[in-house]
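Understanding the architecture of this molecule
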Amino acid sequence: MAKLQDILYNVRLKAVTGITNMDVKDIQIDSRKVTAGSVFVALTGTVSNGHNFIDTAVEKGATVIVCEVMPASLKEDITYLQVNNSAEAVANMAHHFYGEPSTKLKLVGVTGTNGKTTIATLLYKLFTKLGYKCGLISTVQNQVGNTIIPATHTTPDAISLQGLLHTMVEAGCSHVFMEVSSHAIHQHRVTAVEFVGGIFSNITHDHLDYHKTFDEYIRVKKKFFDGLPAAAFAISNLDDKRGQVMLQNTAAKKHFYSLQTLAEFKGKILENLLTGLVMTVNDKEVHFRLIGEFNAYNILAVYGAAICLGENSEEVLTIMSLLTSAEGRFDYVISNTKIIGIIDYAHTPDALENVLFTIKKLRQGNEQVITVIGCGGDRDKTKRPEMGEIACELSDRVIFTSDNPRSEDPNEIIKEMEQGLGSAAKRKFMSVTDRKDAIKMAVSLAKPFDILLVAGKGHEKYQDIKGVKHPFDDKEVLREMFEMFEK
């Protein structure tokens, strides 16, 4: 319970009808979850408009309605609050309803196109091993200490996020590491959340189905750093051409990491093998269990954040040398016949290119690289031909297949991937629409020591087809096919 007037701090009100000196039980943005004593906030979403459900919310017992447009008829005993932006309002209200939990935590946000999950997960693992009780908010899962809570979005909605942070405070967490998606920034899900630090990994084409232009995507990401306070730290990838731009207007203390040029957190790869990376971090040589150049960048980001949070350099590097990556990020399985199967979440052109370049560097001789790849439905279509082209350019054999087709026809998605192929590339690929059959085909084509990449879904345990999530796990299917062909 909280007083309505107490949770309206920082909420910009245009009009108020009714009393504000009243108790409210909870805040809801879904009218189906409203019960007696709820505050219902009508959001103008991309799919539905919450204003259409105000009457339903009142019928179910909502005593307060927050909206951008006042209803034509106002009911007695209901308080109506008109605001300019409902998403911004609900973020501030939830922050105060849950007791401003982010102010009681050392909360670090990680944003960028690729690497968010790995960086946040490594930070969670590192600080847990340093002896802190930590929270994790990521694409793969949320964790409160050792308790796992399944994740439904990269960043939860504003109410769920504040509730989760409150749970972390109550559980005694001191540090929380969180992925911050561009959608979350744009939709005000992290408005009113107070961060002690922010990390930028990189930026490449993604989510243009939502942001429409690459410039808008960049602007939204940059907004996260623009909002950091002067007491916070901001760490950016100096080797990304927009790494400095991201921090140009931040009030936070700026730090940079790099593999290519002088930086505060400087790395150099000495060996890049299937057993891991040997690299120097600020001239200290360390063997890490993580693989690939992209993970060298992730390592530097994590190291930089740990130093900014006041940890000892030697202890940090010692623990980091033992850490493994997040599930579904360059995850690998080796068959009894020595076929190397790699499962990776790579679902953007840049991520796919990074993974395939890493595999290329791991090759010892004439091993084939066989790639199984699809593209998600109802998402940025512009990347489909580019994904197809990269897969064929950097692989010996490619099988185009279904990813999460959602409402689209998977065969049409595959045809759009084929549009990026030249005549040479067309000789390398085949289409197998069923994902399990595609993985089976790839294993049947592989010989001992060949490298088989199954890309796009990583940690996901389902395949989204026509609104239904069917159980599907790339790693388990790959294991199953290895066993089938070994019999």
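Everything quoted here is computed from the prediction, not taken from an experiment. (Residues numbered from 1 in each chain as written. Predicted model: local features only at pLDDT ≥ 70, side-chain atom pairs only at ≥ 80, totals over all residues. Heavy atoms only, no water.)

This next bit is on the packing of aromatic side chains. A full pass over the atoms with the stated rule returns nine aromatic pairs. Here Phe97 and Tyr98 contribute two aromatic rings whose centre-to-centre distance is 5.2 Å and whose plane-to-plane angle is 85°, an arrangement assigned as edge-to-face. Its relative accessible area of 25% is what places Tyr98 among the partly exposed residues. Centroid distance Phe294 to Phe330: 5.9 Å. Interplanar angle 50°. Geometry classified as tilted. You can see Phe294 sitting in helix α9 (residues 293-308) and its partner Phe330 sitting in the loop between α10 (313-320) and β19 (331-334), a full 36 residues away along the chain. A single burial state applies to Phe294 and to Phe330, both of which are buried. Lying over the aromatic face of Tyr462, Lys469 brings its terminal NZ or CZ to 4.4 Å of the ring centre. (Phe/Tyr/Trp six-rings, centres within 6.5 Å; stacked < 30°, edge-to-face > 60°. Buried < 20%, exposed > 50% of the residue type's maximum accessible area, 1.4 Å probe, protein only. Helix = DSSP H or I, 4+ residues; strand = E, 2+ residues; numbered from the N terminus. Lys NZ or Arg CZ within 6 Å of the ring centre and 35° of its normal.)

In this section: the sheet that holds strand β24 (residues 451-455). Taking strand neighbours across the sheet as the criterion, the six strands line up as β19-β20-β24-β21-β22-β23 in an open arrangement whose pairing is mixed. Single-partner strands in this sheet number two, and they are β19 and β23 (429-431). Strand-to-strand twist in this sheet, taken as the mean axis angle between neighbours without regard to direction, amounts to 20°. Alignment of strand β21 (residues 369-373) against β24, held across four bridges, turns out to be parallel. (Pairing = 2+ DSSP bridges. Axes fitted to C-alpha atoms, helices over the stretch in contact; angles between N-to-C directions.)

This part is about the pattern of salt bridges. Per the stated rule, a full pass over the model turns up 18 salt bridges. One salt bridge in this structure joins Glu327 and Lys461, with 2.4 Å as the shortest N-O distance. With a gap of 134 residues between them, Glu327 in the loop between α10 and β19 and Lys461 in the loop between β24 and β25 (462-465) connect regions that are remote in the sequence. On the accessibility criterion, Glu327 (38% relative accessible area) is partly exposed. (Salt bridge = Lys/Arg side-chain N within 4 Å of Asp/Glu carboxyl O.)

Before going further, it helps to examine the packing of helix α15 (residues 435-445) against helix α16 (residues 474-486). Packing of α15 against α16 leaves a shortest axis separation of 9 Å and a crossing angle of 45°. With respect to their mutual orientation, α15 and α16 come out oblique. As α15 runs across α16, the sense of the crossing is right-handed. Contact with α15, carried on its side by Arg435, Lys436, Ile439, Lys440, Val443 and Ser444, involves Asp474, Val477, Leu478, Glu480, Met481, Phe482, Met484 and Phe485 of α16 and no other residues of that element. Class assignment for the residues of the contact of α15 with α16 results in eight nonpolar, one polar and five charged. (Parallel < 35°, antiparallel > 145°, perpendicular 65-115°, else oblique. Left-handed = near helix turned anticlockwise from the far one by under 90°. Contact = heavy atoms within 4.5 Å. Nonpolar A, V, L, I, M, F, W, Y, C, P; charged D, E, K, R; others polar.)

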